[in-house]
Amino acid sequence: MSMEAIAVSPEHVVGACAERKAAGYRFVTMTCVAVDEHMLDVLYHFDKDMELEHLRLRIPKDSCVPSITPVFFAAFLVENEIQDLFGLRFCGLAIDYKHSLYLDEAAPKAPFCKGAVDASPRPGGKPPGDPESSE
Amino acid sequence: MWERMTQGSRIKSPWLLHYDCGSCNGCDIEVLACLTPIYDLERFGVVNVGNPLHADILLVTGTVNHRNKRVLRNLYEQMPRPKVVIAVGSCALTGGVFREAYNVVGGVAKVIPVDVYVPGCPVKPEAVIDGVILGLERFRRKKSGKNLLEPGDWGEERRG
Amino acid sequence: MNEGLLVAGFALVGAPLLGGLITGADRIITARLQARIGPPLIQPFYDVAKLLGKEQIAVNVWQVFGACAYLMASAIAVVLLALRTDLLVILFTQAVGSVFLVVGALASASPYSQVGAHRELLQVLCYEPLLILVAVGVYLHVGSFKVSDILAWQTPLLSKLPFLFLALGCVLTIKLRKSPFDLSTSHHGHQEIVKGLLTDYSGPILAFAEIGHWLETVLLLGLCALFWTTHWLGMILLAGATFALQILIDNVSSRMNWRWMLGYVWAVGLSLSVVNLVWVQAR
Amino acid sequence: MELSASDPILMPALLFTLILFPFLAAFGAYLAVSDRLLKVIIVVTGVALVTASLVLSAQVPFSFALSPDGPIAFRAVIEVADFALLSLIFYFGWKHRHPTIMALAALQGVLLLYVQFLLSEGQAHWPVFYGDNLALIMIFIISVVGSIICFQALDYMKAHEQHQGLDRSRRSRFFSIMVLFLGAMNGLVLANDMAFFYFFFEVTTLCSFLLIAHDRTPVAVSNALRALWMNCLGGAAFTVAMTGVALHVNSLDLSRLTSAGPADGVLLPALAFLGLAAFTKAAQFPFQSWLLGAMVAPTPVSALLHSSTMVKVGVYLVFRMAPAIRGTFLSHCLAVFGGFGFLAAAALAVGQSNGKKVLAYSTISNLGLMIACAGLNTSAALTAGVLLILFHAVNKALLFLCVGTIEQRIASRDIEDMRGLYTIMPVTALMTVFGVIMMIMPPFGLMLGKWMAMEAAATNLFVIVMVTLGSALTVMYWARWAGILMSDPFAGRFTPERQPWPTWTALGCLCLGGGILSVAAPWLYSLWFTRALSPGYEPPYGVHGGILENAVGAFAVWPLAGVAAVGFVLAVVAVYRAGGARIVKPYVSGLQTDTPGVFTGPLNQPVQARASNYYLSSLFGESRLTVWFNLAAVALLGLILGGAL
Amino acid sequence: MPVSVIPFGPQHPVLPEPIHLKLTVEDEVIREAVPALGYVHRGLEKLAEIRDFQQMIQIVERVCGICSMMHSLCYVQGIEAMMGIEVPPRAKYLRVIWAELHRMHSHLLWLGLFADSFGFESLFMEIWKIREKIMDLQEATTGNRVIVSVNVIGGVRRDLSPEQQRMILTTLKDVEDEVRRLEKTLLDDYTIKKRTKGKGVLRSDQALELGCVGPVLRGSGVAKDTRLLGYAAYNELSFQPVVEPDGDCHARGKVRYREVLQSIDLIRQALSKLPDGELSASVRGRPEGEGTARVEQPRGELFYYIRADGGRQLSRVRIRTPTFANLPALVTMLPGVYLSDVPVVVMSIDPCISCTER
Amino acid sequence: MFSMAPSLMRNFFSKKATRRYPQVARPPFADARGELTNDAALCTFCGVCAAKCPSQCIRVDKKSVSWQYDPFACIYCGICVENCKAKSLRMHPHYRPPTVVHEIIVLHGKAPGAVSRKD
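Residues numbered from 1 in each chain as written. Chains lettered and ligands numbered in written order. Predicted model: local features only at pLDDT ≥ 70, side-chain atom pairs only at ≥ 80, totals over all residues. Heavy atoms only, no water.

**Structural notes on the overall build of chain E**
Inference 1: Within chain E, the secondary structure is distributed over 13 helices and eight strands.
Inference 2: Here the C-alpha radius of gyration of chain E, 20 Å, is about what a compact globule of 358 residues would show, namely 21 Å.
Inference 3: With the principal axes as the frame, chain E shows a C-alpha extent of 70 × 45 × 35 Å.
Inference 4: Evaluated residue by residue, chain E yields a buried proportion of 76% over its 358 residues.
Inference 5: With 46 positive and 46 negative side-chain charges, chain E shows a separation of 1 Å between the mean positions of the two kinds. (Helix = DSSP H or I, 4+ residues; strand = E, 2+ residues; numbered from the N terminus. Rg over C-alpha atoms; globule rule 2.2 N^0.38 Å. Buried < 20%, exposed > 50% of the residue type's maximum accessible area, 1.4 Å probe, protein only. Lys, Arg positive; Asp, Glu negative; His and termini not counted. Charge placed at Lys NZ, Arg CZ, Asp CG, Glu CD.)

**Description of the environment of D:G483**
Inference 1: Mapped onto the elements, D:G483 comes out in helix α19 (residues 461–485).
Inference 2: Separated by 445 residues in sequence, D:G483 and D:L38 have C-alpha atoms that sit 39 Å apart.
Inference 3: Sequence-distant contacts of D:G483, defined by excluding residues within four places in its chain, comprise C:V103, C:L106 and C:A107. (Contact = heavy atoms within 4.5 Å.)

**Remarks on the interface of chain B and chain D**
Interfaces are often described in size by the accessible area the parts lose on coming together.
Inference 1: At the junction of the two partners, chain B supplies 15 residues and chain D supplies eleven residues.
Inference 2: Taken together, both faces of the contact between chain B and chain D bury some 930 Å²; the carbon and sulfur share is 43%.
Inference 3: Three residues stand out in chain B for area buried against chain D, namely B:R70, B:N74 and B:Q78, and they jointly supply 47% of the buried area on that side.
Inference 4: Inspection of the chain B/chain D interface yields zero salt bridges.
Inference 5: Along the contact surface separating chain B from chain D lie one residue pair in polar contact (both at pLDDT 80 or more). (Buried area = accessible area lost by both parts, 1.4 Å probe. Salt bridge = Lys/Arg side-chain N within 4 Å of Asp/Glu carboxyl O. Polar contact = N/O pair within 3.5 Å; in protein donor to acceptor, adjacent residues only side chain to side chain.)

**Quick notes on the pattern of salt bridges**
Inference 1: On inspection of all chains with the given rule, the structure shows 72 salt bridges over all chains.
Inference 2: With a closest N to O distance of 2.3 Å, A:R56 and E:E290 form a salt bridge. Pair noted here: A:R56 is in strand β4 (residues 51–60) and E:E290 is in strand β6 (residues 288–297), and the two residues belong to different chains.
Inference 3: Under the relative-accessibility criterion, A:R56 is labelled buried at 15%.
Inference 4: Accessibility expressed as a relative area gives 9% for E:E290, which makes it buried.
Inference 5: Residues E:K199 and E:D341 are paired through a salt bridge, measuring 3.0 Å at the closest nitrogen-oxygen approach. You can see E:K199 sitting in the loop between α7 (190–196) and α8 (204–209) and its partner E:D341 sitting in the loop between α11 (322–333) and α12 (342–348), a full 142 residues away along the chain.

**A look at the pairing of β6(E)**
Residues and elements named next belong to chain E.
Inference 1: Of all the ten residues making up β6, seven are buried; the element is thus mostly covered by neighbouring parts of the structure.
Inference 2: The pairing of β6 with strand β7 (residues 300–309) spans ten bridges and is antiparallel. Each bridged residue has a counterpart across the sheet, and for R294 the counterpart in β7 is F303.
Inference 3: The loop that links β6 with its antiparallel partner β7 comprises two residues. (Pairing = 2+ DSSP bridges.)

**Some details on the state of the cysteines**
Inference 1: Applying the stated criterion across every chain yields a total of one disulfide over all chains.
Inference 2: With a sulfur-sulfur separation of 1.7 Å, A:C64 is cross-linked through a disulfide to A:C91. Highlighted residues: A:C64 in strand β5 (residues 64–66) and A:C91 in strand β6 (residues 89–91), separated in sequence by 27 residues.
Inference 3: Given a relative accessible area of 27%, A:C64 falls into the partly exposed group.
Inference 4: Residue classification places A:C91 among the partly exposed residues on the basis of a relative accessible area of 36%.
Inference 5: B:C21 forms no disulfide, and the closest cysteine sulfur to it belongs to B:C91, at a distance of 10 Å.
Inference 6: Using a relative accessible area of 0% as the deciding quantity, one classes B:C21 as buried. (Disulfide = S-S within 2.5 Å.)

**A few points about the interface of chain C and chain D**
Inference 1: Across the contact, 62 residues belong to chain C and 69 residues belong to chain D.
Inference 2: When chain C packs against chain D, close to 5,500 Å² is buried across both sides, 77% of that on carbon and sulfur atoms.
Inference 3: Three residues stand out in chain C for area buried against chain D, namely C:W62, C:F92 and C:H118, and they jointly supply 11% of the buried area on that side.
Inference 4: Here chain C is connected to chain D by one salt bridge.
Inference 5: At the boundary of chain C with chain D, the tally comes to 14 residue pairs in polar contact (both at pLDDT 80 or more).
Inference 6: Contributing elements (two or more residues each) for the side of chain C that touches chain D: β1 (57–58), α3 (62–82), α4 (87–106), α5 (111–142) and α10 (258–282) of chain C.
Inference 7: Considering each element in turn, the side of chain C that touches chain D owes the most residues, 17 residues, to α5(C).

Right, here's the structure in full:
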């Protein structure tokens, strides 16, 4: 069996999500898969009337993916998870756990990645509980 | 006489602190089930206090990971002596099926001394009761006062 | 004077024993209501003896002071009751104990014990006026605040002060830490603030707090018993029935929050008291 | 009770020492050039006042008339001085563009003139001064507590000015007003002639105004003006009362007015206005705002004027008029009004985190209780009131001085900032806790008073309900304060903080005083309190073996104190023995770090766990309740005045 | 206004599981709640790379002990779809029976913990007493009380004998009686309503936008139930999703209560229609490709993404559990409720943290 | 408010639900997955159990003919028993009792009986 997924580019992913939101889709989740040592697949799953629809974003693992949290707030959890597990970065995250959602210092960095990764946090998102973020 | 009284009472009044160290809930709900009418651990004076400062027995379920090992140690240190640690379920004993997962440190014994091991996946409530009763044995051989043996030390019976 | 000392000594020994047994009975009855077997009757004594034999750990040594003062104030209050002295003084002394328990809890920086302490103060705010109004009602009826005079009264107070007795029941629910009023700390620790007020009391001082609680239980049930002074059997039955009802209420209600408690106790409890006071005074 | 024949030499000497000497000392203080001189003046005045009050205690009750042919026409002097004071107040009103003050001053002037006119034909033949045990107790408070506060203020003000960074010290001005105030208070308490009374009354108002404005900040000035106009309103009410008295009995004899037994109808309106004057002075609702504003003044001022002495004038006045209104509707209203003040101020205190504001509300609350006692007007209630006056003065002075000392150290008067004060200043923290304990716990004097008040109020439903609710609120706001002073984990011993010795002396004296007086209460009761009652009031309780008892109730002061002392020692021993306890971090869900109270939060960041007090602002917020309380108080006042008219 | 900062968890008596919430509180009103996870994270998705796809069944069963049956069901359905295996009808019905038993035990467990969260201890005891009957059923029919472990790729491991079927039916009758006896308390008790009505309100549009699933979504009035997809034998059974419109904690409790009764009905239907036949189909070859699978877990929609490249090991298993989907809603529901209601609101989404973090 | 009271009263006056374990132990269900044992006499040391075990708690060494089992890591799923061709593995309905030491069970094929070594 093969799964049909609509390929999107990083520039269009937020727009594509917004379209689906406007069309009444429910955000199911995102999945990240390491394709090879350099590339990652980020899949966005949506649901409408019990039918699933998937978007596929294929990107190099050291790039920065625009966060869809402005569209779907609920995505903050899964985007943080992907940050933790794959070392991939999301720009503009509503609540940014800075690679500490699941993993502590002592745990391996970006365990799901194939090959070496640089998982150091990069400025951009706001940490939770930051006074600025609770405006 | 006072010594004997407190020691006797210790066996009759084990207050429980249950810490879920990252279990799949299987053992947790079985531990909780022990407190409910069918098993009723309160028959033995067991109260689930949920607060290390009141507890005599630390009952741990689940695998230790890099984040919760600190919590586990903290809770253990906050308990007043004498105290007993019971590891419940395969995960708490060795890490169980998750031994090889990247975020798993292993069993509880890697962080704090363990007195009683209750195997099972998940353990049955009867096994938890057995484990608690076995753990109480430790109080029987403990002296109160200053020279309390450290938990995990069963004296001459300890092997290996 | 010698007789007084004897009574005081008897109260000092007897009240904790009685309180422990009452607590044990409470636990058994609760368990039976929940279709469980429950602990042995003397389980509370095991608990306390064990706690006394534990290592003393503390967050702050002022907790020790608070717990000791609580125990002592409760004991004094019970002795004053046994000596049949002034009802108001007994209530004041009992309040001292609560305050020290709160002060001890506030001494710990743990937010749970702090929140618990503040909730306890809110509980004091709820029950203290009712307790005093009960004393006032008794005074208006009997003409004296002294327990000795109340005991000598010839008709059961309950016939003239039924609403005040209900208000006292409300107080009892709060003081015995029963649902729906077990806000500051509850008997079973499944609460959003852990053990609340008692979170950071540990080992021997927790035992002190526990014995203090037994004494308060005895004190309050003693107050209940004052509503049927004509026969000792009536006193026991009334106190027993009240206590049984408390256990039932504990088991048929959930824990409420302090806003509800304040509104409910001040609205219902106070109006009950005031209605009864007006009634008594009108005669 | 018969008046002792006043000694022709001793009495004038005593009165001179108690009243005029402080005026002279004030003048001296104003001119004092050095700290040392200032200290000498303060100490000498203090010693003189205390000695004189001790000597006076053997003389009461007495009355003292000025012989009309004496060397100085005191009465004329006072009358002129009255107008001078009014002009001064008018000047302040004009200077600060405050029409209300000007209007009230003018009104008082007109009424005074009218009184002069009314009295013109019959010349004064009533005693100018009158002293009984009630006055004596007041004199003791003023002399002893006042001196202690002034003494402590020496160092306090030095630090205070350092803090402000003044280039020129204004301490001599400050102390001259303080000392002047002591004299005026003594005069006020002893005055029997209403004109004299009025003079001293206005002097205290003016002192209060000057001292509140002492720091010259805009807030201080505006608050001082509020205090001034509200007190002027009291003054105006007093002059109305004077007019009424002069109109009906052609006299200004206060004792005649009050000791004549229940007054006939014509005098009731005058008495009601006297009550109004008392309420403004005692900062009862709806006039509470001036006392709250007065908290901007340096703390010794708050301790002396705004809790221990001046505000008690209101209570004192009501106590003086109590016999006259016995059994009247006015008396009943007074009880309800006082009870309401007790409850309302206690409720507002719960919503406060500012330590001085809590103290202020607590003061208002206690004054309300005292007024309620006067209104209940039974011998037990009045005795309770006198007890409250004495013990409140001592305890509150202690607490104010403690807060002042704390404030100078931590630069905040907010209760939240005093969390764990024990770690920084253990002795002061303990003293504060002791002060709080004396406020709310038996067997200390204040609780004895409250107990007596409750037993007396038991037959009055309105009052007893309000008093019980108020007491519970009181316990709440005090207990949490005491609790958080001891908060925060600590282990081992702490070295006592360093403070100037006068501060220690003052705080120590007040602590000891409060304790000793409490234990001595049964003795004082037979010595003073029962004798402070006017004729016609029977001593309410019998005393034997330190137990106050009557048919209604009993308070075993000595046995309780003994048991409490034993309990205290046992608890201290337990604390001492627990010194070896293993100190652990407080429970924070197992996330504690090495720093106490800090837990590891989200992102593995350290977070300080905090638990602030419950101020219940949604229920007891100042902004929420004040309006309603004021409305209720105005309605009650209307009832009092309307009922009397 | 002075605020309190209160840590809530990971060790906390009302939370059966370790999650941490940093609560900022003002006079007992929550102003902000920041969650911290990671106390249960094991990384078991990664184990797919070292265990073969058959062994993964036992591992995904231990994602969560309470709904282990659902995890393995979802997983094996995903693999079966990928490999094109047709499951025998009897196995499909048996899967429904065990799945619904599991739902009942989970909902009863939750109802008990919910009662505990607002301090109704005797109700907690009563419900857990009833739940033990389901636990006995599970142990008698599958060999384990909690982790039933009945699913294999292509079917089920165990059969139900006629006696066992009868035992299920009689026990269900008991359970139904006892649960219905508690209906008045659970749905109408004054103190319970006070504690749950109007707490943690989520409008239907909010719930949809936040991606809520399961009883949380249905408690907000949205009739979404993954069982309507008709997997296993659900397409042959008649049922309607349980929906409550209010969107508060009380509504969520009501949904779960009614779903317990619905499960009893579904089990009876399935038992009455239970066909004879094989328990499992034979499995040949290895999975290849990528695919998703969804089932309705007690807590809501469970979503699996599986990618395989024809080896013994799968290259990726991604598990999106219902609590993971409901957690953002929790974060938005908490501000504004009282501190005493935090356990109630947290419990109302039926959090399963070990699911969430895996 | 008292809607719960009838249930409680029934509880109070009827037989308690509590099973008096350990005084009275209920017999386990026949098919319960409990303690795992291996009969060394039947075991062929084929290694299928070790390969199938999801928890990898069984180790079979064909060279030294030994079967090593860690009961503390075992998840009692029964997969090994189902796949055991020699029927030497057995799952007993009763659970494995708690212990105070970590045991690892080692069986040797050549030896006449089972040798248990505690570690």
